[in-house]
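# Structural overview for review
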Protein chains: 2
Amino acid sequence: MPYELYYWDGIQGRGEFVRLALEEAGADYVDICRGPASKGQGTRAMLAIMGSKSEPGIPFAPPFLKDGDLIISHVANILMYLGPTLGLAPRDEAQRHELNSLQLTITDLVAEVHDTHHPIATSKYYEEQKEEAKARSAEFIDNRIPKYLGYFERVLQQNPHGPAHVFGNGLTYVDLSLFQVYEGLRYAFPRATAHLADRYPHLAALHAAVMKRPNIARYLQSDRRIPFNEDGIFRHYPELDRSEA
Amino acid sequence: MPYELYYWDGIQGRGEFVRLALEEAGADYVDICRGPASKGQGTRAMLAIMGSKSEPGIPFAPPFLKDGDLIISHVANILMYLGPTLGLAPRDEAQRHELNSLQLTITDLVAEVHDTHHPIATSKYYEEQKEEAKARSAEFIDNRIPKYLGYFERVLQQNPHGPAHVFGNGLTYVDLSLFQVYEGLRYAFPRATAHLADRYPHLAALHAAVMKRPNIARYLQSDRRIPFNEDGIFRHYPELDRSEA
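Residues numbered from 1 in each chain as written. Chains lettered and ligands numbered in written order. Predicted model: local features only at pLDDT ≥ 70, side-chain atom pairs only at ≥ 80, totals over all residues. Heavy atoms only, no water.

## Comments concerning the packing of aromatic side chains
The full count for this structure, using the stated rule, is 16 aromatic pairs over all chains. A ring pair is formed by A:Phe60 and B:Tyr151, whose centres lie 5.1 Å apart and whose planes are at 75°; its orientation type is edge-to-face. With one member in each of two chains, A:Phe60 in the loop between helix 2 (43-50) and strand 3 (64-67) and B:Tyr151 in helix 5 (residues 130-157) form a pair that bridges those chains. Here a set of aromatic residues connected by ring pairs shows up, and it is made of A:Phe60, B:Tyr148, B:Tyr151 and B:Phe152. Over the ring of A:Phe228 we find A:Arg225; its NZ or CZ atom is 5.5 Å from the centre of that ring. The ring of A:Phe60 carries the charged tip of B:Lys147 above its face, separated from the ring centre by 5.2 Å. (Phe/Tyr/Trp six-rings, centres within 6.5 Å; stacked < 30°, edge-to-face > 60°. Helix = DSSP H or I, 4+ residues; strand = E, 2+ residues; numbered from the N terminus. Lys NZ or Arg CZ within 6 Å of the ring centre and 35° of its normal.)

## A short note on the interface of chain B and chain A
Residue-level contacts link 47 residues of chain B with 47 residues of chain A. Summing both partners gives a buried area of about 4,100 Å² for chain B against chain A, and 54% of it is carried by carbon and sulfur. When the buried area of chain B at its contact with chain A is split by residue, B:Phe60, B:Ile120 and B:Gln158 rank highest and sum to 18% of it. Where chain B touches chain A, the interface holds four salt bridges. B:Asp115 is the partner of A:Arg136 in a salt bridge, and the nearest nitrogen-oxygen pair spans 3.1 Å. Joining chain B to chain A, the criterion identifies 32 residue pairs in polar contact (both at pLDDT 80 or more). Per-element tally for the side of chain B that touches chain A: the top contributor is helix 4 (residues 93-117) of chain B, with 11 residues. Looking at the side of chain B that touches chain A, its residues break down into 20 nonpolar, 15 polar and 12 charged. (Contact = heavy atoms within 4.5 Å. Buried area = accessible area lost by both parts, 1.4 Å probe. Salt bridge = Lys/Arg side-chain N within 4 Å of Asp/Glu carboxyl O. Polar contact = N/O pair within 3.5 Å; in protein donor to acceptor, adjacent residues only side chain to side chain. Nonpolar A, V, L, I, M, F, W, Y, C, P; charged D, E, K, R; others polar.)

## Here we look at the domain arrangement of chain A
All names here are of chain A. Split into domains, chain A comes out as domain 1 (3-86) and domain 2 (93-213 + 233-240). Taken together, the contacts link 15 residues of domain 1 with 19 residues of domain 2. Across the domain 1/domain 2 interface, buried area totals approximately 1,400 Å², and carbon plus sulfur atoms make up 69% of it. For the domain 1 face of the interface with domain 2, the top three residues by lost area are Phe17, Glu24 and Met80, together amounting to 43%. The interface formed by domain 1 and domain 2 includes one salt bridge. The salt bridge partner of Arg213 is Glu24, with a shortest N-O separation of 3.0 Å. Our count for the domain 1 to domain 2 interface comes out at three residue pairs in polar contact (both at pLDDT 80 or more). With seven residues, helix 3 (residues 75-86) is the single largest residue contributor to the side of domain 1 that touches domain 2. Class assignment of the residues belonging to the side of domain 1 that touches domain 2 gives a composition of nine nonpolar, three polar and three charged. (Domains from an automatic or database assignment.)

See below:
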């Protein structure tokens, strides 16, 4: 039975971190909201689960994964669950928690990226909080990007197996998520990230290496990869980017 | 060997969710930053690990847990790791992930609580972003508290084993974390939360039940329980609370 991924149609968003892992592993999965209502798919199928009055495992928000009857929500949790089966995480229990530490730092980063364009209210439009978004984005660019990327550069640097991967000597789902973060930050803040590769060479190399992996390369060229857009997490609003020097 | 908990001294903060689980279980642990430098403890011991140039498992931020040589960071990850050993989570792998889904929703809630007083820049004082904090707090009180607490009330309601616990038929670490959330929201926003028990009766009952557990009651009376204060996550700034009706 294929995995069922439930996430909003039309955006990469948080679902993309899960898609990348499933695609890299060549896993059998259905992106439910993008499927036809005639097959019981589409966004309505997702909302039915979220609105269930009897299901004990109701998710707070997408993305969530259905594996048979099991429902698991939150990106880091889904990836930790899938990791060993997909060959993208060690099977050792303690190591899985070490890997999860790294993924949860990405979770925090992604929440901060969201708040660069929605610093006051998720329920309101960007345009209604644009001035605050400019202030928050300036802080994000000046302090938070260096803090997060500097941290992951250091984790790569200090990996006893070498800086090609963030953990151990093989690819894990955290490497894939770092590819997406790097890609997303460059999309959202092209001026502020123009010299990213100079400052974070190991991250840049990891990003390039992931992009060339056959399954990932195929996926990025497919129509399953939704382009970045201004409904997702990583949004390109030029006024939030660093101004030209 | 006792567990070593690393978290900033002087605040409950995110570390408190871990402390509550360790205290409930009567686990042997050392709250490192609160210990004496003469024993190699204190904040400096924490910063030494975070600043290590060789350690592969460097945490991005506190709290983190040391269990022998293993270092695990992020509250939800620490609790998922400790859960079965402390008797506060099922041992079944799938169920542990279901429980983790709930805890990660609390993680998101806690990040939003932090941002009520720091909506623009963690690096700046509250006083420098007070106006934005008022706007974000109004949104938090009007929309986010009902969304989160409504969700957990529903999870309690839909628990097939009854609404006394959030998962299964016994106490888990998520119940303890919900106690802390309930306690913290009432501290931070006493006016906005004045009628919480009417709206969320199962949550209120869970809060009362946790508070009466012998180990928790003893802990709350001890000097190991740091009082809420305006350096932590839950801060009481009257101007951010709902105004009197």
